[in-house]
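# Examination of the molecular architecture
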Amino acid sequence: MTVSRSKIWQEIWDKKGQKADVPLHHVDGFDLLDAEQWDYMVGQVTRPLGLKDGEKILECGCGAGAFLASLLKKFPELKVTGLDYSQPILAAAKRNVKGDFYHGDMTDLSIFSDGQFEKTISYSTFHYLSSEGAAARAVREMVRVTRAGGSVFIGDVSDLAKREMALALRKMTHQNHQRVSSANTDHLFVPQELFRQLAGELKLGIDIIDQESFDLPFYDNAKYRYSVYLRKNSGRKG
Ligand SMILES: C[S@@+](CC[C@H](N)C(=O)[O-])C[C@H]1O[C@@H](n2cnc3c(N)ncnc32)[C@H](O)[C@@H]1O
């Protein structure tokens, strides 16, 4: 029986979630960034989202809560909800970040109601999904739980158009890394077209920004990743 990519990565995140005494963004896999670089990256990629203090925000694949913790520094009144499929890493978020945290898979957000959040985000998670079908399910769910007039942000998605370059780069940068698993830990690369098609079908506004266009010289993955911003029509006329 073949084990799905998503399942293989879940076991890896369970192990990573047990790390203690390191910054939250290191638990979340951004080991090569210092605290200042991390906050700077979060600020850059969320600027197009137009976040406002006090809004209700859901992060799918929140990990140890590093992204939400960084947003809370800038917007202390945000009402934060996080969801992750790894219990150990979620426990780290519960310990460290003020918010509501739920165990679950981001391809099924049925624990949340339609339009419950003003902003729904997911950062650096889509490459762990098993297939484009799973990615489309996650997008549809994220859009469903976002209210009319709200926005969805899916960041740090590996670009299918840049797959060869990404594999060459990862081979170089990961050659000295200690492997956390002997399983096949490949990534899902998603074509930008998938998001454009979904935006057309669901009647959403869409912007896609290559991660390289942000000022992130300290983040190698930016060379082959992109961020997607979807806007749900408010339904008001005029
Ligand atoms: C690279 S970390 C990013 C964490 C957080 N978004 C951040 O930016 O700090 C990826 C996270 O996505 C979670 N994840 C991956 N696939 C998931 C899925 N299908 N459902 C829920 N969580 C998932 C992993 O458990 C892990 O915590």
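Since this is a predicted model, take the numbers as computed values, not measurements.

For the rest of this paragraph, the subject is the site of the ligand. Around the ligand lies a shell of 23 residues, among which Trp13, Asp28, Gly61, Gly63 and Tyr85 are the nearest. Listed by contribution, the elements that provide at least two residues to the shell around the ligand are helix H1 (5-16) and helix H4 (66-74). With 3 residues, the top contributor of residues to the shell around the ligand is H1. Its residues assigned to classes, the shell around the ligand comprises 11 nonpolar, 9 polar and 3 charged.

The next point concerns the environment of Lys19. Tracing the backbone shows Lys19 in the loop between H1 and helix H2 (24-27). Overall, Lys19 belongs to the partly exposed group, with 17 C-beta atoms counted inside 10 Å. Sequence separation between Lys19 and Pro88 is 69 residues; the distance between their C-alpha atoms is 9.4 Å.

Attention now goes to the sheet that holds strand E5 (residues 146-158). Across the sheet, 7 strands lie side by side as E3-E2-E1-E4-E5-E7-E6; this open sheet has mixed pairing. The open sheet is flanked by strand E3 (100-103) and strand E6 (204-210), the only strands paired with a single partner. Taking each pair of neighbouring strands and ignoring which way they run, the sheet shows an average axis angle of 15°. With 6 bridges joining them, strand E4 (residues 117-123) and E5 adopt parallel strand pairing. Of the residues in E5, the one forming a bridge with Lys119 is Ser151. Most of the contacts of H4 go to strand E2 (residues 79-84), to which it runs at about 170°, and overall it touches strand E1 (56-60), E2 and E4. Packed onto the sheet, helix H5 (residues 87-96) meets E2 and E3 and runs at close to 175° relative to E3.

This next bit is on unusual backbone geometry. The phi angle at Asp156 is positive, at roughly 65°, despite the residue not being glycine. Tracing the backbone shows Asp156 in strand E5. Unusually for a residue other than glycine, Lys203 sits at a positive phi of about 60°. On the secondary structure map, Lys203 appears in the loop between helix H8 (192-202) and E6.

We now examine the environment of Gly65. Checked against the element boundaries, Gly65 lands in the loop between E1 and H4. With 33 residues separating them along the chain, Gly65 and Lys98 place their C-alpha atoms 9.4 Å apart. Apart from residues no more than four positions distant in its own chain, Gly65 is found in contact with Leu24, Gly82, Ala93, Asn96 and Val97.

What follows is about the packing of helix H3 (residues 35-46) against H4. One can describe the packing of H3 onto H4 by two numbers: an axis separation of 10 Å at closest approach and a directional angle of 80°. Relative to H4, the element H3 is oriented roughly perpendicular. For the pair formed by H3 and H4, the contact residues are Trp38, Asp39, Val42 and Thr46 on the first element and Ala66, Phe67, Ser70, Leu71 and Lys73 on the second. Within the contact of H3 with H4, the residues separate by chemical class into 5 nonpolar, 2 polar and 2 charged.

Basis of the calculations
- Residues numbered from 1 in each chain as written.
- Predicted model: local features only at pLDDT ≥ 70, side-chain atom pairs only at ≥ 80, totals over all residues.
- Near = placed C-beta within 6 Å.
- Helix = DSSP H or I, 4+ residues; strand = E, 2+ residues; numbered from the N terminus.
- Nonpolar A, V, L, I, M, F, W, Y, C, P; charged D, E, K, R; others polar.
- Buried ≥ 20, exposed ≤ 12 C-beta atoms within 10 Å, placed from the backbone.
- Pairing = 2+ DSSP bridges.
- Axes fitted to C-alpha atoms, helices over the stretch in contact; angles between N-to-C directions.
- Contact = placed C-beta atoms within 7 Å.
- Parallel < 35°, antiparallel > 145°, perpendicular 65-115°, else oblique.

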